[in-house]
Amino acid sequence: MDNAKPFCISKREVWEAYKRVKANQGAEGVDGQSIEQFEEELENNLYRLWNRMCSGSYFPPPVRRVDIPKSDGQLRPLGIPTVSDRIAQMVVQRYLEPIVEPLFHGDSYGYRPGRSAHQALSVTRQRCWRYDWVLDLDLKSFFDTIDWELLLRALRRHTDCKWVLLYIERWLKAPVCMPDGTLVERKQGTPQGAVISPLLANLFLHYAFDRWMAEKHPDIPFERYADDIICHCASEAQARVLKNALGQRFMQCHLELHPHKTKIVYCKDANRRGSYPEQRFDFLGYTFRPRSSRTREGKLFTSFAPAVSEKAAKAIRQRMRRWRLHHRNDLALEEIARWTRPIVMGWVRYYGRFHASVLRGALRTLDDFLVRWSQRKYKRLRAHKARAWQWLWRVHSRQPDLFAHWALASTVGR
């Protein structure tokens, strides 16, 4: 019986957690076991995990360290748990989320059910039209510097469930297995890549930032997506006061504002006078800056608006170059379209929401490669680039839905 164990965790909860982890996929942990390999002995593996969690004898293995290149040339450290550990963390998340989720602030959007990056971007755009100034906050190494004592204190305010608190503390203290195999002990932070980390991060910042803002600066709206934070101010002076106050607040929470990446931005548009050095900021892969827009009557005006960021556009172009499509003469055009569609469609759906014409410029790289592919594939086009572009335009006219990005434009390569 489930109740014979010290901790009452139902087998159904472990099963539901497994289904969520399977749907999310993910890389192997330190044991090298994939989800497919875990499923080879699914019943035994899930029973063993349930048995250990119920008895209190479950100890998480080290997390595998993976360094992901960032757009600024630095590396973002990720911690990849094993499949079993991801399932165990999902069990705890499913217990904890219904308790803390209703308490979270309405302008916290990251990793929450029913909320999205597009919602955060849309609200940010609207508020930039109403408020002249933005304080763009950047927390230095946030996930790596979360204070465990403060986090556990916040947790205990909302649950006294012994097994939830026990396992979260063990996950926080689990060592990191570096690429060379050495184990590194940790004394703070929660690894990015862990299932439970986003919920813990939201709980920490709920107290460190969200509630503090609601109490101390209720007149200043903000959008927060995990540790990406935008605050809207009525004046430059207000933004400076807020920046100084937040610097002190985060120090109290053992966090630090990045001295170079945190900045005050003027939301310049057609109705706002004056010139200031900072008139753009990046948020969730979009750059907000003054842009030419059209009214419903077709008249041009300057609006402070978002579009795919230069960093994101560069990453998109680099990935398309790595495909080396112009060397894939073994594939038919329809096969290339099928192969690229899921990835390009993801870009279109995310980055095409606002000012899609900017994304269209980045995705023109794919058309460039299709032209080069056609010149290697068909002898009649080999020495005639203009003719190859005409060929691609005719394909687009006949099959406008063949490539995912063609829906963004009425013309190809123009």
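Note that this is a predicted model, so its numbers are computed, not measured.

Undergrad: Quick one: what's the story with the packing of helix α3 (residues 42–55) against helix α4 (residues 83–100), residue by residue and with numbers?
TA: The N-to-C vectors of α3 and α4 enclose an angle of 50°; their axes lie 11 Å apart at closest approach. Here α3 is positioned oblique relative to α4, judged by the angle of their axes. Classified by chirality, the crossing of α4 by α3 is right-handed. Taking contact as the criterion, the partners of L46, L49 and M53 in α3 are, on α4, S84, I87, A88, V91 and V92.

Undergrad: I'd love a proper account of the nonpolar core, names of residues and values included.
TA: By size, the foremost hydrophobic cluster in this structure holds 71 residues, and its most contacted members are I87, I168, F209, C231 and L246. It is helix α9 (residues 197–216) that provides the largest number of residues to this core, a total of 11 residues. Excluding residues that lie within four positions of it along the chain, C231 makes contacts with W133, V134, L135, L137, F209, M213, I220, P221, F222 and L242. Judged by nonpolar contacts, the second largest core, of 51 residues, contains A120, V308, F354 and L402.

Undergrad: Go over the environment of A305 with me, naming the residues and quoting the values.
TA: Looking at the element boundaries, A305 is found in strand β11 (residues 300–308). Residue A305 is classed as buried on the basis of its relative accessible area of 4%. Here the alpha-carbon distance between A305 and H396, two residues 91 residues apart in the chain, equals 30 Å. Leave out the neighbours within four places in its chain, and A305 touches T287, F288, R289, R291 and H355.

Undergrad: I'd love a proper account of the packing of aromatic side chains, names of residues and values included.
TA: Each aromatic ring pair is characterised by the separation of its centres together with the angle its planes make. Taken as a whole and assessed by the stated rule, the structure comprises 25 aromatic pairs. Look at Y266 and Y276: their rings are 4.6 Å apart centre to centre, the planes differ by 55°, and that puts the pair in the tilted class. Remark: Y276 occurs in the loop between β8 (263–266) and β9 (281–283) and Y266 occurs in strand β8; sequence separation between them is 10 residues. Note on W373 and Y378: the rings are 5.9 Å apart at their centroids and 90° apart in plane angle, and the pair reads as edge-to-face. For W373, a relative accessible area of 0% puts it in the buried group. On the basis of relative accessibility, which here comes to 26%, the residue Y378 falls in the partly exposed class. Three or more aromatic residues joined by ring pairs form one cluster here, namely Y286, Y350, Y351 and F354. In this structure, R328 packs its charged tip against the face of W339, placed 5.8 Å from the ring centre. Looking at R380, its charged tip hangs above the ring of Y378, at a distance of 5.2 Å from the centre.

Undergrad: Could you give an account of the side chain of D227, with specific residues and numbers?
TA: Take D227: it is sitting in the loop between β6 (222–225) and β7 (228–233). For the buried D227, which has no salt bridge, the nearest side chain bearing the opposite charge is R76, at an N-O separation of 6.2 Å. Those residues in contact with D227 that lie beyond four places of it in its chain are L139, F142, F143 and L205.

Undergrad: Could you give an account of the environment of P342, with specific residues and numbers?
TA: Looking at the element boundaries, P342 is found in helix α12 (residues 333–351). Classification of P342 as exposed rests on a relative accessible area of 58%.

Undergrad: Which residues make up unusual backbone geometry, and what values go with them?
TA: For L284, which is not glycine, the phi dihedral falls at a positive 55°. Relative to the helices and strands, L284 resides in the loop between β9 and β10 (286–294). The residue R324 is not glycine, and still its phi comes out positive at about 50°. Take R324: it is sitting in the loop between α11 (310–323) and α12. R324 gets classed as partly exposed once you look at its relative accessible area, which sits at 46%.

What counts and how
- Residues numbered from 1 in each chain as written.
- Predicted model: local features only at pLDDT ≥ 70, side-chain atom pairs only at ≥ 80, totals over all residues.
- Heavy atoms only, no water.
- Axes fitted to C-alpha atoms, helices over the stretch in contact; angles between N-to-C directions.
- Helix = DSSP H or I, 4+ residues; strand = E, 2+ residues; numbered from the N terminus.
- Parallel < 35°, antiparallel > 145°, perpendicular 65-115°, else oblique.
- Left-handed = near helix turned anticlockwise from the far one by under 90°.
- Contact = heavy atoms within 4.5 Å.
- Core = buried A, V, L, I, M, F, W, Y, C linked by side-chain atoms within 4.5 Å.
- Buried < 20%, exposed > 50% of the residue type's maximum accessible area, 1.4 Å probe, protein only.
- Phe/Tyr/Trp six-rings, centres within 6.5 Å; stacked < 30°, edge-to-face > 60°.
- Lys NZ or Arg CZ within 6 Å of the ring centre and 35° of its normal.
- Lys, Arg positive; Asp, Glu negative; His and termini not counted.
- Salt bridge = Lys/Arg side-chain N within 4 Å of Asp/Glu carboxyl O.

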